[in-house]
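This is what each chain is made of:
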Amino acid sequence: MVLKTTYLLWICRSKTDKKGNSPIFMRIQVGDSRSEINTGVKIPEKFWNSQAQKVLSKHPDSEIYNETLEILRDKFNETYRDLLKSRVSYTAETFKKRMQGEQEASQRTLMEAIVSHNKYLKSLVGKDYAPATVIRYQTLTNLLTVFLSDNYQRTDFLLSELSVKFLQDFEHYLKTVRNCNHNTTAKYLKNLKKVINTAIVNQWIDKNPFLGYKITIKQTMKDYLVEEEIKRIEAKIFPMERLEAIRKIFLFQCYSFNVEKQAYFISVQPDGIFKPL
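Residues numbered from 1 in each chain as written. Predicted model: local features only at pLDDT ≥ 70, side-chain atom pairs only at ≥ 80, totals over all residues. Heavy atoms only, no water.

Participant: Would you explain the packing of helix 3 (residues 110-123) against helix 4 (residues 131-152) in this entry?
Facilitator: How two helices pack is summed up by the angle between their axes together with the distance between the axes. The geometry of helix 3 relative to helix 4 is characterised by a closest axis approach of 10 Å and an angle of 165° between their N-to-C directions. Considering the angle they form, helix 3 stands roughly antiparallel to helix 4. Judged by the sense of rotation from one axis to the other, the crossing of helix 3 with helix 4 is left-handed. Residue-level contacts link Leu110, Met111, Ile114, His117, Asn118, Leu121 and Lys122 of helix 3 to Thr133, Val134, Tyr137, Gln138, Thr141, Leu144, Thr145 and Leu148 of helix 4. Of the residues assigned to the contact of helix 3 with helix 4, the class counts are eight nonpolar, six polar and one charged. (Axes fitted to C-alpha atoms, helices over the stretch in contact; angles between N-to-C directions. Helix = DSSP H or I, 4+ residues; strand = E, 2+ residues; numbered from the N terminus. Parallel < 35°, antiparallel > 145°, perpendicular 65-115°, else oblique. Left-handed = near helix turned anticlockwise from the far one by under 90°. Contact = heavy atoms within 4.5 Å. Nonpolar A, V, L, I, M, F, W, Y, C, P; charged D, E, K, R; others polar.)

Dropping the structure here:
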């Protein structure tokens with residue numbers, strides 16, 4: 001349920017200074033909870049229009065002050081739209097912190113954790129991680145984005161809201177809607193688990209939703225190509241340069257017994273010669 005969220009700009013007479021200036025506050029109300037922001041505007045009470053919630057034009061700095069208040073109104077509306085779109089729960093205090101660019105650990109979100117994790121991976125590509133690793137986590141990001149939209153009509157989820165039920169729903173979504181097999185589903189869930197573990201280390205979440213949730217990989221029997229099939233691949237020429245490079249690398253692996261990961265460090269030259277990266 002979306003709680004009624006409003007604001008009120010008001011002059012605080014009890015904090016009037018010796019020069020007769022009183023501060024203007026923005027009062028944020030979310031349901032029954034309240035929080036306040038000092039706008040930084042201080043004026044004599046006679047220059048305040050409480051009905052229009054503006055500084056009267058008679059004040060010499062009315063234009064500057066009203067612009068400041070208008071920026072604050074815009075920030076309120078922007079924050080409200082973002083929270084409404086993400087459909088995460090919030091209080092007046094968390095709304096205020098969101099407006100001011102702060103965020104409590106309890107308000108950290110799943111997509112925020114994934115974006116942070118992906119950014120970290122990208123910064124270490126070529127050092128600690130292969131490009132394919134980044135691609136896998138970006139795929140996970142895309143899958144979760146669609147899953148949240150389809151299943152919850154939301155764009156994000158608070159980390160504190162995650163539960164075993166959420167994981168079960170995501171697993172079911174991958175297997176039914178996305179038609180992923182068991183092992184592919186398990187790999188996506190393991191990647192998500194790593195993101196959550198990172199969030200726990202960063203103290204963004206108190207409880208681990210993966211506790212008691214088992215992820216298993218089923219042993220599968222891999223079919224091997226027979227010599228005739230390899231010969232057919234040798235004879236096949238792809239018009240697309242990218243596919244042709246993949247074909248050559250695959251054959252190189254077949255005849256040199258290179259493992260899959262070593263293929264990331266091989267480039268195919270125009271003359272067909274393989275060169276280490």
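Participant: Please clarify how a nonpolar patch on the surface should be interpreted in this entry.
Facilitator: Nonpolar side chains collect at one region of the surface, where Phe238, Met240, Leu243 and Ile246 lie side by side and expose about 320 Å² of accessible area between them. Accessibility expressed as a relative area gives 31% for Phe238, which makes it partly exposed. (Patch = residues over 30% accessible without salt bridge, like charges linked within 9 Å, V, L, I, M, F, W, Y side chains within 5 Å. Areas by Shrake-Rupley, 256 points an atom, 1.4 Å probe, with all protein chains shown as cover. Salt bridge = Lys/Arg side-chain N within 4 Å of Asp/Glu carboxyl O. Buried < 20%, exposed > 50% of the residue type's maximum accessible area, 1.4 Å probe, protein only.)

Participant: Would you explain unusual backbone geometry in this entry?
Facilitator: What is expected of a backbone is that most residues other than glycine have negative phi and most peptide bonds are trans. The residue Gln53 is not glycine, and still its phi comes out positive at about 55°. What makes Gln53 buried here is its relative accessible area of 16%. For Gln153, which is not glycine, the phi torsion reads 55° and is therefore positive. In this fold, Gln153 is placed in the loop between helix 4 and helix 5 (164-176).

Participant: Got a minute to help me understand helix 4 in this structure?
Facilitator: Taking 1.5 Å per residue, 22 residues should reach 32 Å; helix 4 reaches 31 Å between its end C-alpha atoms and fits that length. Taken together, the buried positions of helix 4 are Ala132, Thr133, Val134, Tyr137, Leu140, Thr141, Leu143, Leu144, Phe147 and Leu148. Where helix 4 is buried, its residues meet helix 3, helix 5 and helix 6 (182-201). One or two residues past the end of helix 4 sits Gln153, with phi positive at roughly 55°. (Expected span 1.5 Å × (residues − 1).)

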